[in-house]
Amino acid sequence: MGHQYKAIQWNGNKVIYVLYLLVFVALFIGVFMIVGLAAHESGHTADPVVLAIRALGTTSFALLTGLLAIGPLARMSKRFLPLLYNRRHLGVFTFLVSSAHFGLALLWYHGGGPLNPFVSLFVSNPLYDSIPGFPFETLGFAAFLIL
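For the structure given in this document, a descriptive report is provided here.

Rules used in this analysis
- Residues numbered from 1 in each chain as written.
- Predicted model: local features only at pLDDT ≥ 70, side-chain atom pairs only at ≥ 80, totals over all residues.
- Heavy atoms only, no water.
- Phe/Tyr/Trp six-rings, centres within 6.5 Å; stacked < 30°, edge-to-face > 60°.
- Helix = DSSP H or I, 4+ residues; strand = E, 2+ residues; numbered from the N terminus.
- Buried < 20%, exposed > 50% of the residue type's maximum accessible area, 1.4 Å probe, protein only.
- Arc of directions from axis to C-beta.
- Contact = heavy atoms within 4.5 Å.
- 1 Å grid on protein atoms, 1.4 Å probe; cavity = no way out; pocket = protein on both sides within 12 Å on 5 of 7 lines; lining within 4 Å.
- Points joined across faces, edges and corners; volume = space filled by probe spheres on them.
- Nonpolar A, V, L, I, M, F, W, Y, C, P; charged D, E, K, R; others polar.
- Core = buried A, V, L, I, M, F, W, Y, C linked by side-chain atoms within 4.5 Å.

1. Some thoughts on the packing of aromatic side chains
Summed over the entire model, instances satisfying the criterion amount to 7 aromatic pairs. Geometrically, the ring pair formed by Phe24 and Phe28 is tilted, given 5.7 Å between the ring centres and 45° between the ring planes. With Phe24 and Phe28 both in helix 1 (residues 12–37) and 4 residues apart, this pair spans about one turn of that helix. Classification of Phe24 by relative accessible area gives partly exposed; the value is 36%. Since its relative accessible area comes to 26%, Phe28 is described here as partly exposed. Taking the centre distance of 6.1 Å and the plane angle of 35° together, the rings of Phe102 and Phe118 count as tilted.

2. Here we look at helix 6 (residues 136–146)
For helix 6, the complete set of buried residues consists of Thr138, Phe141 and Phe144. The arc enclosing the buried residues of helix 6, seen along the axis, measures out at 120°, which places them on a common side. Turned more than 90 degrees away from the buried face of helix 6 sit Phe136, Leu139 and Ile146, all of them exposed. Its buried side turned inward, helix 6 meets helix 4 (87–110) and helix 5 (117–123).

3. Some points on the layout of surface pockets
Reported here for the largest pocket is a volume of approximately 770 Å³. Considering the residues around the largest pocket, the lining is formed by 23 residues, among which His101, Phe136, Glu137, Gly140 and Phe141 are closest to the centre. Breaking the lining of the largest pocket down by element, the ones donating at least two residues are helix 2 (48–76), helix 4 and helix 6. A total of 8 residues in the lining of the largest pocket trace back to one element, the largest contributor, which is helix 4. Looking at the lining of the largest pocket, its residues break down into 14 nonpolar, 7 polar and 2 charged. Here the second largest pocket defines a volume of roughly 200 Å³. Residues belonging to the lining of the second largest pocket are distributed by class as follows: 9 nonpolar, 1 polar and no charged.

4. Digging into the nonpolar core
One finds Tyr17, Val18, Leu21, Val25, Leu56, Leu63, Leu67, Ile70, Leu90, Phe93 and Val97 forming the largest nonpolar core, which totals 11 residues. Listing elements by their share of this core, those giving two or more residues are helix 1, helix 2 and helix 4. Other than its neighbours up to four places away in sequence, Leu21 contacts His89, Leu90 and Phe93. Ranked by size, the runner-up nonpolar core spans 5 residues in total, among them Phe102, Leu106, Phe141 and Phe144.

Scope: geometric values only; no functional claims are made or implied.
In structure tokens form, the structure reads like this:
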């Protein structure tokens, strides 16, 4: 093999890149929560835990979209090459945020019953033959395994 695995070598640029990622994730989730917790004109507010689950899922999707866009962008313009150099960090952040989303959703929706939460995830909605009622949680679990 011509290529060898090389551990991440930390330098000042990578630390700054990670700090930017932390700020982006914190701002994204913060703005999502503030807007979501604002009272609706009917006077109802969202459940904070459900809103946090949705914020983490949306953040994870945004990070994954950016992560997958880095390769084509770097081929189109050399301005994006520093992002290509630091893409591994973005992938780790995407996994961490999606793990938080997965764990919180699993515990919130399936953690209080008599079944194991993983078993409950797959047996709570048996409508696998229905398009409108298809259990999207199964697709989310498959996507998490792929990630």
